[in-house]
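Secondary and tertiary structure notes
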Amino acid sequence: MPELPEVQAHAERIAADFTGRVLVGFRPLTFTALKTVVPAPEQAYGEPLTGVGRRGKFILLDFESVQFAVHLMQGGRLLVDAKQSAKPRGGQARFVFDEGPALLLTEAGTERRAGVWAYEMGKALASPPLSELGPEADQMSPEEMLELFEAKNQRLHGFLRDQHALAGLGRRLANEICHRARLSPFAMTGKLGIEGATKVVEAIRECVDEGLAYERTRDDMSASKDRPGAVHGRAGEPCPVCGDVVRAVEYSGYTVNYCPTCQTGGKVLADNTTSKFLK
Ligand SMILES: [Zn+2]
């Protein structure tokens, strides 16, 4: 899933390519692509794109009277669409402009969860689902992080992925941030204190900055496997910090990767699937 650095860099690319273009069409290509009824997207026809922003993992497209929020979910992409074919592969919705290419929202697979929300200009952040997001993950002070840690005692990895607690991070960055902070993904947030909160704040900033620096070198959004990192998706490989073997704990839908030496005092966390990496 694209996370804060990928979505931010993508919003910057779209801003550079599309700002000032006049919207002449919004075409949902599936029944589920447009998640709102009012305002009608047609209200923005004839208006230029005035800005592109990001909140959490949402991309915001601002026109004069309408603000669109786009969420890519797991397999979504917002593509520069020069061809504008009638039935694009995985097509969800298309923004058509007075000149040049369109913007095409696609989603791989069959989940159909990516989508577009339309709001009166300036109302997106105060309306669901964006109003339910926690603060931006990379904008926190240690004291603010500690407050969130203590508000609900839960596993650090789950906290980092919870968009209602903290917005912008996903499975990959949760793994990388725990490793960077040298904390167990299963550490309970209520016990981390100001020292743990400080480590997590610094690790988030470093991991987001590295992801952004990489993503800004690209013309399009990276694939997950190409993004910089030490542990995510690297079970069985040596930890780049200490050389221990990166481990995995599998859940349905995601994998927690960690280094025992760096993060758990050498303790291998219980998981029936890691045995293949022990041989
Ligand atoms: Zn290590």
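Structure first, text after, so check above.
Note on numbering: residues in each chain are counted from 1, in written sequence order. Only residues with pLDDT of at least 70 are given local features in this predicted model, and only at 80 or more are side-chain atom pairs given and counted; all residues enter the totals for whole chains, interfaces and linings. Hydrogens and water are ignored here; the side-chain numbers use all heavy atoms of the structure.

**Observations concerning the overall build of the protein chain**
The condition that has to hold: The secondary structure listing takes helices from DSSP runs of H or I that are at least 4 residues long and strands from runs of E that are at least 2 residues long, numbered from the N terminus. Within these notes, the globule rule equals 2.2 Å times the number of residues to the 0.38 power, and the radius of gyration is based on C-alpha atoms. Only protein chains enter the area calculation, which uses a 1.4 Å probe; residues under 20% of their type maximum are buried, those over 50% are exposed, and those in between are partly exposed. Working rule for contacts: check all heavy atoms of both residues, and any pair within 4.5 Å makes them a contact.
The helix and strand tally for the protein chain stands at seven helices and 10 strands. The globule rule puts the C-alpha radius of gyration for 279 residues at 19 Å, and the 20 Å found for the protein chain is close to it. Considering only C-alpha atoms, the protein chain reaches an extent of 60 × 40 × 30 Å along its principal axes. For the protein chain, the proportion of its 279 residues judged to be buried stands at 51%. If you take every contact in the protein chain between residues at least 6 apart in sequence, the share linking residues at least 24 apart comes to 63%.

**Details of the nonpolar core**
Condition: Nonpolar cores are built from buried Ala, Val, Leu, Ile, Met, Phe, Trp, Tyr and Cys residues. Side-chain atoms within 4.5 Å join them into one set.
In this structure, Leu-61, Phe-68, Val-70 and Phe-95 are the most contacted members of the largest nonpolar core, which totals 28 residues. Of all elements in the fold, only helix H1 (4-18), strand E1 (23-28), strand E3 (58-62), strand E4 (66-71), strand E6 (91-97), strand E7 (102-107) and strand E8 (115-120) reach the threshold of two or more residues within this core. Looking at this core, the element that brings in the most residues is H1, giving four residues. Discounting residues that sit within four places of it in the chain, Phe-68 has contacts with Leu-23, Phe-26, Pro-41, Ala-44, Ile-59, Leu-60, Leu-61, Phe-63, Phe-95, Val-116, Trp-117 and Ala-118. One finds Leu-192, Val-200, Ala-203 and Val-208 within the second-largest nonpolar core, a separate group that totals 27 residues.

**Examining the coordination of the zinc ion**
Condition: Donor selection uses N, O and S atoms within 2.8 Å of the metal (3.2 Å for Na, K and Ca). Since no water is included, sites may look incomplete. For a four-donor site, all angles between 85 and 135 degrees give tetrahedral; for four or six donors, opposite pairs above 155 degrees with the remaining angles between 65 and 115 give square planar or octahedral; all remaining cases count as irregular.
Donor atoms from the polypeptide that bind the zinc ion are Cys-239 (SG), Cys-242 (SG), Cys-259 (SG) and Cys-262 (SG), placed at 2.2 to 2.4 Å. Classification of the site at the zinc ion rests on its four donor atoms, whose angles at the metal span 95 to 114 degrees, yielding the label tetrahedral. All donor residues of the zinc ion come from one chain, and their arrangement in sequence is C-x2-C-x16-C-x2-C. Both residues of the pair, Cys-259 and Cys-262, count as buried.

**Quick notes on the pairing of strand E2 (residues 51-55)**
Stated precisely, the cut-off is as follows: Paired strands, in this sense, are two strands between which DSSP finds at least two bridges.
Among the five residues in E2, four count as buried, and that is most of the element. Bridge count between E2 and E3: five bridges; the pairing is antiparallel. Bridging across to E3, Gly-51 finds its partner in Asp-62. Where E2 folds back onto E3 in an antiparallel hairpin, the turn is made up of two residues, including Gly-56, whose phi is positive at roughly 60 degrees.

**What to know about the packing of aromatic side chains**
Stated formally: Ring geometry is summarised as follows: Phe, Tyr and Trp rings, the Trp one being its six-membered ring, pair when their centres sit within 6.5 Å, and such pairs are stacked at plane angles under 30 degrees, edge-to-face over 60 and tilted between the two. As a reminder, the over-ring test applies to NZ of lysine and CZ of arginine, requiring each to be within 6 Å of the ring centre and within 35 degrees of the ring normal.
The final tally for this structure, using the stated rule, is nine aromatic pairs. A centroid spacing of 5.7 Å and a plane angle of 90 degrees characterise the contact between Phe-63 and Phe-68, whose relative ring orientation is edge-to-face. Judged on exposure class, the residue Phe-63 and its partner Phe-68 are both buried. Members of the aromatic cluster, connected to one another through ring pairs, are Phe-18, Phe-26, Phe-63, Phe-68, Phe-95 and Phe-97. Above the face of the Phe-186 ring, Arg-155 is positioned so that its terminal group lies 4.0 Å from the ring centre. The ring centre of Tyr-254 lies 4.0 Å from the NZ or CZ of Arg-161, which sits over that ring.

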